[in-house]
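Structural description and commentary
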Amino acid sequence: MDMKAIGGLLAQLAPTIATAIGGPVAGMATKALSSALFGHQDAPDDEIQAALLNATPDQLAAVKKIDADFKAKMKELDIDLERIVSQDRDSARNMQMATNDWIPRAMAIMVTFGFFGILTWLLTKGVPPTGSETLIYMLGALGTAWTGIVQFYFGSSAGSKAKTDALAGKDLHK
């Protein structure tokens, strides 16, 4: 599934499923989306993607509901998606510290300039009469990538909340 095309939409509509698609339970998440959009679990990724991009309000509501059900199922199976994502991000940070590779920094700079460059262009010049769909798609993809970069370099809001709770002495296992 091309998360660049649907990542932003899915992150807002079904955040638990969006998180799961990037991890080891991606198959379960894809089946849940297929079930919500088509009534069966066997739709190919490209059909799921097309259906999400052209979903009716009823289908969007079904995806929201299936996300809540998926979240409950993950809790029932004792699968902590945020922990899995956090561990993945942590291993990437550790690799970056060990290798001191310049490519992630260069990509972060390019994505940042691209995202804010397009955003500034749109705000100052407006949406162009032709190619606007491509421009908006590119802005969404860059925005999703920029969010990942900020989470990589500065941590996620969930990680920040856990740290704040830990410093405040709150029980994190409630």
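A brief report on the enclosed structure follows. These figures come from a predicted structure and were not determined experimentally. (Residues numbered from 1 in each chain as written. Predicted model: local features only at pLDDT ≥ 70, side-chain atom pairs only at ≥ 80, totals over all residues. Heavy atoms only, no water.)

1. A closer look at the overall build of the protein chain
Helix and strand counts for the protein chain stand at nine helices and zero strands. Listed N to C, the secondary structure of the protein chain is α-α-α-α-α-α-α-α-α in terms of helices and strands. Looking at the 174 residues of the protein chain, the share that counts as buried comes to 28%. At a minimum sequence separation of 6, the contacts of the protein chain that also span at least 24 residues come to 59%. (Helix = DSSP H or I, 4+ residues; strand = E, 2+ residues; numbered from the N terminus. Buried < 20%, exposed > 50% of the residue type's maximum accessible area, 1.4 Å probe, protein only. Contact = heavy atoms within 4.5 Å.)

2. Notes on helix H3 (residues 26-38)
The terminal C-alpha atoms of H3 lie 18 Å apart, and with 13 residues this matches the ideal 18 Å at 1.5 Å per residue to within 8%. For H3, the full list of buried residues reads Ala 29, Thr 30, Ala 32, Leu 33, Ser 34, Ala 36 and Leu 37. Looking one or two residues beyond H3, the residue adopting positive phi is Gly 39, at roughly 85 degrees. (Expected span 1.5 Å × (residues − 1).)

3. Some points on the environment of Gly 140
Structurally, Gly 140 is set in helix H8 (residues 132-154). The partly exposed category is assigned to Gly 140, whose relative accessible area is 37%. A C-alpha to C-alpha distance of 8.6 Å links Gly 140 and Phe 115, two positions 25 residues apart in sequence.

4. Thoughts on a nonpolar patch on the surface
Residues Trp 102, Ile 103, Met 107 and Met 110 make up a contiguous nonpolar surface patch of about 480 Å² in total accessible area. Take Met 107: it is sitting in helix H7 (residues 103-125). Judged by relative accessible area, which is 48%, Met 107 ranks as partly exposed. (Patch = residues over 30% accessible without salt bridge, like charges linked within 9 Å, V, L, I, M, F, W, Y side chains within 5 Å. Areas by Shrake-Rupley, 256 points an atom, 1.4 Å probe, with all protein chains shown as cover. Salt bridge = Lys/Arg side-chain N within 4 Å of Asp/Glu carboxyl O.)

Worth remembering: the numbers are spatial, not functional.
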